[in-house]
Amino acid sequence: MIHNPEIECMSREDMRKLQSERLQKTVKTCYENVPFYKRKMDEMGVKPEDIKSIDDIVKLPFTTKHDLRDEYPFGLQAVPQSEIRRIHASSGTTGKPVVGTYTENDLKMWAECVARVLAVGDVGPGDIVQVAYGYGLFTGGLGAHDGAALRGAIQLPTSSGNSEKQTMLMKDFGTTALCCTPSYALHLAEVIEKNPDIKPEDLKLRVGFFGAEPWTWGIRRELEKKLHLKAIDIYGLTEMCGPGVGGECQFQNGTHVAEDMFYPEIINPETLEPVAPGEEGELVFTSLCKEAMPILRYRTRDLTHLIYEPCECGRTSVRLGKILGRSDDMLIIRGVNVFPSQIETVLTEFPVFTPQYFITVDRKNNEDTFDLDVELRAEYFSPNPSKQMPFIKPLYDRIVSMVGIKPNIHIKEPGNIERSIGKAKHVLDKRTLLADWK
Ligand code: ADP
Ligand code: ZN
């Protein structure tokens, strides 16, 4: 089901017109109300009048996470405090968090873009939407919550954690849609598996909206099989609003961007020039109708490509390809670039392993070490190393050929690798810890 066909199926020409109008307005607001943008635009010699259509976006300055931190907390705000209705912040693993503020209208637009994704799973009145993203400063919980409300569905705000109770309610209440990170969904699937009182086929789950972190096709297959649902990818970031900046349709072939609200570009992160259409690079977003904190050309650091071909579903918006990860998730090990998602892709090709993994990178005797913890499923597990070998060898060979790096693989007992209730942490890079000390 399409939530807002007028916008989501708009002709490309009309969409560009709408984007051009909204960009002009956004740039004018930024120039007049946000000293940071006035300064940046003056430095580049760009005036709001120079922006006549969406194609002129390339004349505008970029915004980086660094800029947001410098302007912490409210430096980029374009409206007085009295217009603000809510404040969120991203986890901000190091230093100050990134802050997002919202006017009444911003909250409405955000709910609208989440509702568009939920509509893909026909979520509406009578549906129970279990929101197991964390509620709080993190945008996941309240974002999904407001989207479900706009669809007229029943909101079940379980937040993340408390997994036994979570799965009990899922069964007893008859949850039909689940929203959480894919890693937490995996964990919930395991909790269900261990509970003799709950059979996945007895659950009423129909669809899951999973996002907030990169996940691979292997994880999707695992979730769809174990939870008996259709797994839909939902993408977003605090800097734009939160979840809902984009979402997959039922064809699961790319993430439709809410292009009337967020204009995507892909740039080469080195030259900062736009890449050729369809080429891989860094995703950049400009907000087109945010009032509280409009953002020009925000460098997300997410690496992906844009798909311009029309989609079978009838939506006309451009789609994001699967996100490989953030440029800062990339590990350089013995000179080879490695994304955790590449390891995940290879690992999930092997049904004998659970999809859980943990990478430890270190430096010993002037050489990088790469340790990979994986778990054999209970039916294959043995503590005897000679019994583990036949499983390790094929995984090792495949990683060497696909990723180009030789791992030290360690088999763990099922359940031994730490599970996450929010965004999973797959990597410990001890080299950066050492660097921090210097
Ligand atoms: P934080 O920076 O603390 O993680 P956010 O919650 O704002 O805060 O995270 C946004 C980021 O999460 C995105 O830039 C992207 O890297 C990642 N992300 C969100 N949704 C997805 C998704 N569906 N697939 C891949 N990555 C995602
Ligand atoms: Zn589609």
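Just so we're clear, the structure is a prediction, and the values are computed from it rather than from any experiment.

Re the site of ligand 1
Near ligand 1 you find 19 residues, and of these Ser91, Asp233, Thr238, Asp302 and Arg326 are the closest. For ligand 1, a nitrogen atom lies 2.6 Å from a polar atom in the side chain of aspartate 233. The contact in question runs from an oxygen atom of ligand 1 to an N or O atom on the side chain of arginine 326, over 2.7 Å. Alone, ligand 1 offers 570 Å² of accessible surface; in the complex the protein occludes 94% of this. Element by element, the count of residues in the shell around ligand 1 is highest for strand S7 (residues 230–237), at five residues.

What about the coordination of the zinc ion (ligand 2)?
Of the protein atoms, only Cys249 (SG), His256 (NE2), Cys311 (SG) and Cys313 (SG) coordinate the zinc ion (ligand 2), at distances of 2.1 to 2.3 Å. Relative to the metal, the four donor atoms surrounding the zinc ion (ligand 2) lie at angles of 103 to 113°, and the coordination shape comes out tetrahedral. Summarised as a motif, the one-chain spacing of the donors to the zinc ion (ligand 2) is C-x6-H-x54-C-x1-C. In this pair, histidine 256 is assigned in strand S9 (residues 255–257) and cysteine 313 in the loop between strand S13 (306–307) and strand S14 (319–320), connecting sequence segments 57 residues apart. Here the two residues histidine 256 and cysteine 313 agree in accessibility, since each one is buried.

Focus on the packing of aromatic side chains
Across all of its chains, the model carries seven aromatic pairs by this definition. Look at tyrosine 235 and phenylalanine 285: their rings are 6.2 Å apart centre to centre, the planes differ by 35°, and that puts the pair in the tilted class. With tyrosine 235 in strand S7 and phenylalanine 285 in strand S11 (residues 281–287), the pair connects residues that are 50 residues apart, well separated along the chain. Note on tyrosine 235: relative accessible area 9%, which makes it buried. Seen from their ring centres, phenylalanine 350 and phenylalanine 353 are 6.4 Å apart, and the 75° between their planes marks the pair as edge-to-face. The exposure classification of phenylalanine 350 matches that of phenylalanine 353, with both residues buried. Of note, arginine 220 hangs over the ring of tryptophan 217, and the distance from its end group to the ring centre comes to 4.1 Å.

Remarks on the side chain of threonine 304
In this fold, threonine 304 is placed in strand S12 (residues 298–304). You can call threonine 304 buried: its relative accessible area is 0%.

Some words on the confidence of the model for the protein
Taken as a whole, the protein shows an average pLDDT of 96; of its residues, 98% reach a score of 70 or greater. Mean pLDDT across the elements of the protein ranges from a minimum in helix H12 (residues 430–437), with 69, to a maximum in strand S3 (residues 128–131), with 99.

Brief notes about unusual backbone geometry
Geometrically, the link from tyrosine 72 to proline 73 is a cis peptide bond, its omega value of -5° lying close to zero. Considering the arrangement of structural elements, one finds proline 73 in the loop between helix H4 (65–70) and strand S1 (84–89). One non-glycine residue with positive phi stands out, namely arginine 301, at about 75°. For arginine 301, the position within the fold is in strand S12.

How each quantity is defined
- Residues numbered from 1 in each chain as written.
- Chains lettered and ligands numbered in written order.
- Predicted model: local features only at pLDDT ≥ 70, side-chain atom pairs only at ≥ 80, totals over all residues.
- Heavy atoms only, no water.
- Near = heavy atom within 4 Å.
- Polar contact = N/O pair within 3.5 Å; in protein donor to acceptor, adjacent residues only side chain to side chain.
- Areas by Shrake-Rupley, 256 points an atom, 1.4 Å probe, with all protein chains shown as cover.
- Helix = DSSP H or I, 4+ residues; strand = E, 2+ residues; numbered from the N terminus.
- Donors = N, O, S within 2.8 Å, 3.2 Å for Na, K, Ca; no water.
- Tetrahedral: all angles 85-135°; square planar, octahedral: opposite > 155°, others 65-115°.
- Buried < 20%, exposed > 50% of the residue type's maximum accessible area, 1.4 Å probe, protein only.
- Phe/Tyr/Trp six-rings, centres within 6.5 Å; stacked < 30°, edge-to-face > 60°.
- Lys NZ or Arg CZ within 6 Å of the ring centre and 35° of its normal.
- pLDDT = per-residue confidence, 0-100.

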